[in-house]
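For reference, the chains in residue letters:
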Amino acid sequence: MYDSYRRIMQANSREPGAANLSASDWRCRTLTEAQFRARVYNLCKDKYGQILSGNGRGWYEYTEKMMRGYARLKAEAEGIELYPDHPLMPKRVNALVEYMQRERFAG
């Protein structure tokens with residue numbers, strides 16, 4: 001999960017000053033692996049909405065399946081390519097890109 005996070009951050013990095021972001025803005029820096037794990041773990045706590053639940057083997061799942069879909073839609077809307085949920089599943093082309101290409105050729 002951390003490798004995917006780093007790939008996404010590198011592909012979508014933002015420089016301080018661009019889009020009026022300060023250097024301390026979270027979008028301008030990549031978390032360390034320990035920081036990332038702590039943040040993901042916090043999402044399993046009631047205090048943070050208990051959005052995720054862990055299975056104890058390093059895998060997490062959304063407690064509400066609709067949140068998973070929402071997170072994927074938000075990522076696609078921002079142009080962020082998400083890989084399959086499981087490393088053994090084949091990578092799929094971004095659904096939003098497929099839709100936009102289909103609409104462009106149809107019109």
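Definitions and limits used
Residues numbered from 1 in each chain as written. Predicted model: local features only at pLDDT ≥ 70, side-chain atom pairs only at ≥ 80, totals over all residues. Heavy atoms only, no water. Helix = DSSP H or I, 4+ residues; strand = E, 2+ residues; numbered from the N terminus. Buried < 20%, exposed > 50% of the residue type's maximum accessible area, 1.4 Å probe, protein only. Contact = heavy atoms within 4.5 Å. Areas by Shrake-Rupley, 256 points an atom, 1.4 Å probe, with all protein chains shown as cover. Phe/Tyr/Trp six-rings, centres within 6.5 Å; stacked < 30°, edge-to-face > 60°. Core = buried A, V, L, I, M, F, W, Y, C linked by side-chain atoms within 4.5 Å. Polar contact = N/O pair within 3.5 Å; in protein donor to acceptor, adjacent residues only side chain to side chain.

What to know about the overall build of the protein
Looking only at helices and strands, the protein has four helices and two strands in total. Going from the N terminus to the C terminus, the protein shows its helices and strands as α-α-β-β-α-α. Among the 107 residues that make up the protein, the fraction classed as buried is 16%. For the protein, restricting intrachain contacts to residue pairs at least 6 apart in sequence, the fraction spanning at least 24 positions comes to 28%. Split by element, the accessible area of the protein, about 8700 Å² in all, is 55% carbon and sulfur.

Topic: the environment of Thr30
Examined against the element boundaries, Thr30 turns out to sit in the loop between helix H1 (2-11) and helix H2 (33-42). For the pair formed by Thr30 and Arg6, sequence separation is 24 residues and the distance between their alpha carbons is 7.2 Å. Ignoring sequence-local partners within four residues, the contact set of Thr30 consists of Tyr2, Tyr5, Arg6 and Met9.

Regarding the packing of aromatic side chains
According to the stated counting rule, one finds three aromatic pairs in the structure shown. An angle of 40° between the planes, with centres 5.8 Å apart, marks the rings of Tyr2 and Tyr5 as tilted. Within this pair, Tyr2 and its partner Tyr5 are both found in helix H1, separated by three residues, close to a single helical turn. Chaining the aromatic ring pairs together yields one cluster made of Tyr2, Tyr5 and Phe36.

Description of the nonpolar core
Formed by Tyr2, Tyr5, Met9, Leu31, Phe36, Val40, Cys44 and Leu52, the largest nonpolar core amounts to eight residues. Among the elements that line this core, the one with the most residues is H1, at three residues. Leave out the neighbours within four places in its chain, and Phe36 touches Met1, Tyr2, Tyr5 and Leu31.

Some words on the environment of Glu33
Mapped onto the elements, Glu33 comes out in helix H2. Judged by its relative accessible area of 35%, Glu33 falls in the partly exposed class. In sequence terms Glu33 and Met1 are 32 residues apart; their C-alpha atoms lie 9.8 Å from each other. Within the structure, Glu33 has its side chain in polar contact with the side chain of Arg37 (distance 2.7 Å).

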